[in-house]
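Residue strings, one per chain:
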Amino acid sequence: MDKKIYYNNLYDYYQDLLTEKQRQYFVDYYEYDLSLSEMAENYDVSRNAVFKQLKQVEKKLDLYEETLQCFHKKQEVLAFVQDEHLRKRIEEIL
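The model shown is predicted, which means the values in this text are computed figures rather than measured ones. (Residues numbered from 1 in each chain as written. Predicted model: local features only at pLDDT ≥ 70, side-chain atom pairs only at ≥ 80, totals over all residues. Heavy atoms only, no water.)

### Let's talk about the overall build of the protein
Line of reasoning, step 1. Assigned secondary structure in the protein consists of six helices and zero strands.
Line of reasoning, step 2. Secondary structure elements in the protein, listed N-terminal to C-terminal, are α-α-α-α-α-α.
Line of reasoning, step 3. Here the protein has a C-alpha radius of gyration of 16 Å; the compact-globule value for 94 residues is 12 Å, and the former is much larger.
Line of reasoning, step 4. Seen through its C-alpha atoms, the protein measures out along the principal axes to roughly 50 × 25 × 20 Å.
Line of reasoning, step 5. Classification of the 94 residues of the protein by burial places 29% in the buried group. (Helix = DSSP H or I, 4+ residues; strand = E, 2+ residues; numbered from the N terminus. Rg over C-alpha atoms; globule rule 2.2 N^0.38 Å. Buried < 20%, exposed > 50% of the residue type's maximum accessible area, 1.4 Å probe, protein only.)

The structure is reproduced here in structure tokens:
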């Protein structure tokens, strides 16, 4: 799975566990596709500071998934469902 897709999926589950600043950085990078340089300019910080913040967010999302496994469990449930209508309904719920 593509890294951006994977982290966007984790973010859907665990965004409320991140700080506001971490959420802003995540959205700018993963959803708005801003470069590190653009973000550094927007936040008036160094490019390295942006990079470190994003790595910290990725580590936190990985830790939350390792511990809670919400995304993994959803994937396992969906793997068993053959009926497309039922599958879509389960995705909405989860």
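So that's the structure; there's more coming.
### Description of the nonpolar core
Line of reasoning, step 1. Counting residues in hydrophobic clusters, the biggest one holds twelve residues: Y7, L10, Y11, Y14, L18, F26, V27, Y30, V57, L61, Y64 and F71.
Line of reasoning, step 2. Elements that contribute at least two residues to this core include exactly α1 (3-14), α2 (20-31) and α4 (47-68).
Line of reasoning, step 3. In contact with F71, not counting residues within four places along its chain, are M1, Y6, N9, L10, Y13, Y14 and E65.
Line of reasoning, step 4. In this structure, L36, M39, A40 and L54 belong to the second largest nonpolar core, which totals six residues. (Core = buried A, V, L, I, M, F, W, Y, C linked by side-chain atoms within 4.5 Å. Contact = heavy atoms within 4.5 Å.)

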